[in-house]
Amino acid sequence: MSKKDYYEVLGVSKTATKDEIKKAFHKLAHKYHPDKNSGDDSKFKEANEAYQTLSDETKRAQYDQFGQSFPGGGAGAGGFGGFDFNGGFQGAQGFDMGDLNEIFSEFFGGGMGHGRQSRRGRDISTELSISFYESVFGVNRKILITKVSSCNTCEGSGAKKGTSTETCKTCNGNGQIREMKRSFLGTISTNRVCDDCGGSGKVPKEKCADCRGAGVRRREEEVSIKIPSGIQNGEMIRMTGMGEAISHGATGDLYIKINVTPHATFTREGSNLNMSLSIKLTDALLGADYKIETLDGEVTLKIPEGITHGEILRIKEKGVPKSQGKRGDLHIKILIKFPNKLNKKTREKIEELRQEGL
């Protein structure tokens, strides 16, 4: 290609914005695409080379300073190289599709080089409430969900039991329908999955009476859910293949949001559990034993002498299960109950303690 001014090739000024450069290239790509009757291979390559340089801020700055002699400039600057419009890529080294892929996506329904995507059923979601205890230790639950599932009668084939299938007349057994799709770059041929056979190329000679040949039907289904220990409020469980079914395709997934009911005593912080315990002033001064209820049952907590208000005691391995059989701890915040009123006798004893410097 002859060395032309890239701005002149795209028909923009040297102060053009990135969006203006992009629009100008799209216009020229539409006009000169080689697959069009009025296309021009050389002009299309020329426009692409200019665009690959001016759409990149670094390359554009180098081009503005040095022209086409800058490193990476000229025919190698993102040009088509060995691209053969009749046979595809022929060893195009380092070719940057850039926004050109955006143009081709309008032709091919998802970009160049994308194969036909397989059919897949819908993902569905639901919510499940569990107790605080169940969230700590895990639980197995069963729920009923109404969804599109594989037909039990025909086992998803869509055919009446005892009957066979035949070649789909709509697609002649190909499983795909060829369509001509128009775009601003011209008309191309695309394929889509045949709706009648779902891409299998076969249809039942006699349809199943329950699903009317669809192979799927909406019904209520029981789902078993294994909720792992240590799950937190708001977490999602994904059950692969437990979503909605589709004829001759993969089943979607089921997502379950877990809602944990708050506990009256415990709160959670990571793998540890927290609680508060109110004790008498005398027990704080002299020490005592308190029986408390944990998630594992009753345990005895020893209150040391002289404990202060707000101090935290720890019971090991009474928290949330972790990996390798280990568990977090139970943290107990001590709250000392101070009397609101003192009788005369109690006041006199406290005065004596004050005199002793306590």
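The structure this text deals with has already been given above.
What counts and what doesn't
- Residues numbered from 1 in each chain as written.
- Predicted model: local features only at pLDDT ≥ 70, side-chain atom pairs only at ≥ 80, totals over all residues.
- Heavy atoms only, no water.
- Pairing = 2+ DSSP bridges.
- Helix = DSSP H or I, 4+ residues; strand = E, 2+ residues; numbered from the N terminus.
- Axes fitted to C-alpha atoms, helices over the stretch in contact; angles between N-to-C directions.
- Salt bridge = Lys/Arg side-chain N within 4 Å of Asp/Glu carboxyl O.
- Buried < 20%, exposed > 50% of the residue type's maximum accessible area, 1.4 Å probe, protein only.
- Parallel < 35°, antiparallel > 145°, perpendicular 65-115°, else oblique.
- Left-handed = near helix turned anticlockwise from the far one by under 90°.
- Contact = heavy atoms within 4.5 Å.
- Nonpolar A, V, L, I, M, F, W, Y, C, P; charged D, E, K, R; others polar.
- Disulfide = S-S within 2.5 Å.
- Patch = residues over 30% accessible without salt bridge, like charges linked within 9 Å, V, L, I, M, F, W, Y side chains within 5 Å.
- Areas by Shrake-Rupley, 256 points an atom, 1.4 Å probe, with all protein chains shown as cover.

Draft legend 1. Examining the sheet that holds strand S10 (residues 236-239) more closely. Here we have three strands laid out as an open sheet, ordered S3-S11-S10, and mixed in their pairing. Two strands lie at the open edges of the sheet, namely strand S3 (124-130) and S10, each paired on one side alone. Pairs of neighbouring strands in the sheet enclose a mean axial angle of 25 degrees, with direction left out of account. As judged from the four bridges shared by S10 and strand S11 (residues 254-260), these two strands associate in the antiparallel manner. In the sheet register, Ile237 faces S11, and the bridge partner there is Ile256.

Draft legend 2. Up close: the pattern of salt bridges. What the rule picks out here adds up to 13 salt bridges. Glu134 is paired through a salt bridge with Arg141; the nearest N and O atoms lie 3.0 Å apart. A salt bridge links Glu206 to Lys160; the nearest nitrogen and oxygen atoms lie 3.8 Å apart. Taken together, the residues Glu206 in the loop between strand S8 (202-204) and strand S9 (216-227) and Lys160 in the loop between strand S4 (139-150) and strand S5 (165-167) connect sequence positions 46 residues apart. Ionic contacts of the salt-bridge type, sharing partners, join the residues Arg120, Asp123, Arg238 and Asp253 into one network.

Draft legend 3. Local environment of unusual backbone geometry. Of note in this structure, Arg212 is not a glycine but carries a positive phi near 55 degrees. Summarising the element assignment, Arg212 is placed in the loop between S8 and S9. Classification of Arg212 by relative accessible area gives exposed; the value is 71%. The phi torsion at Glu317 lies on the positive side, around 60 degrees, for a residue other than glycine. Assessed through its relative accessible area of 40%, Glu317 is described here as partly exposed.

Draft legend 4. The packing of helix H2 (residues 18-32) against helix H3 (residues 41-54), seen in detail. Between H2 and H3, whose axes approach to 9 Å, the crossing angle comes to 165 degrees. Here H3 runs roughly antiparallel to H2, going by the angle between their axes. In this structure, the crossing between H2 and H3 has a hand that is left-handed. Taken together, the residues of H3 that come into contact with H2 (itself represented by Ile21, Lys22, Phe25, Leu28, Ala29 and Tyr32) are Asp41, Lys43, Phe44, Ala47, Asn48, Tyr51 and Leu54. Partitioned by chemical class, the residues of the contact of H2 with H3 number nine nonpolar, one polar and three charged.

Draft legend 5. Up close: the state of the cysteines. Scanning the model with the defined rule gives zero disulfides in all. Left unpaired, Cys168 is separated from the closest cysteine sulfur, that of Cys171, by 3.7 Å. Accessibility expressed as a relative area gives 1% for Cys168, which makes it buried. No disulfide involves Cys211; its nearest neighbouring cysteine sulfur is the one of Cys154, lying 3.6 Å away.

Draft legend 6. Quick peek at the packing of H3 against helix H4 (residues 57-66). Taken N-terminus to C-terminus, the directions of H3 and H4 make an angle of 105 degrees; their axes are 6 Å apart at the nearest point. When the interaxial angle is binned, H3 and H4 end up roughly perpendicular. Of H4, the residues touching H3 (which contributes Gln52, Thr53 and Leu54) are Lys59, Arg60 and Tyr63. Its residues assigned to classes, the contact of H3 with H4 shows two nonpolar, two polar and two charged.

Draft legend 7. A look at the pairing of strand S13 (residues 272-280). With three bridges connecting them, strand S12 (residues 267-269) and S13 associate as antiparallel partners. Looking across to S13, one finds that Thr267 is bridged to Asn274. Counting the residues between successive antiparallel strands, the hairpin from S12 to S13 contains two residues, one of them, Gly270, with a positive phi of roughly 70 degrees. As defined by bridge partners, S13 adjoins strand S17 (residues 330-337) across eight bridges and the pair is classed as parallel. Counterpart to Leu273 in the pairing with S17 is Leu330.

Draft legend 8. Examining a nonpolar patch on the surface more closely. A surface patch of nonpolar side chains, about 220 Å² in accessible area, is lined by Leu342, Ile350 and Leu353. Tracing the backbone through its elements, the reader meets Leu353 in helix H8 (residues 344-355). Looking at Leu353, the relative accessible area reads 38%, which means it is partly exposed.

Draft legend 9. Inspection of the sheet that holds S17 at higher detail. Judged by pairing direction, the sheet is mixed, and its four strands sit side by side in the order S12-S13-S17-S16 without closing on themselves. The open sheet has two free edges, formed respectively by S12 and strand S16 (312-315), since each of these has just one partner strand. Shown here is a sheet whose adjacent strand axes are inclined to one another by a mean of 35 degrees, direction ignored. Across four bridges, the pairing between S16 and S17 is antiparallel.

Treat this as a map of the structure, not an account of what it does.
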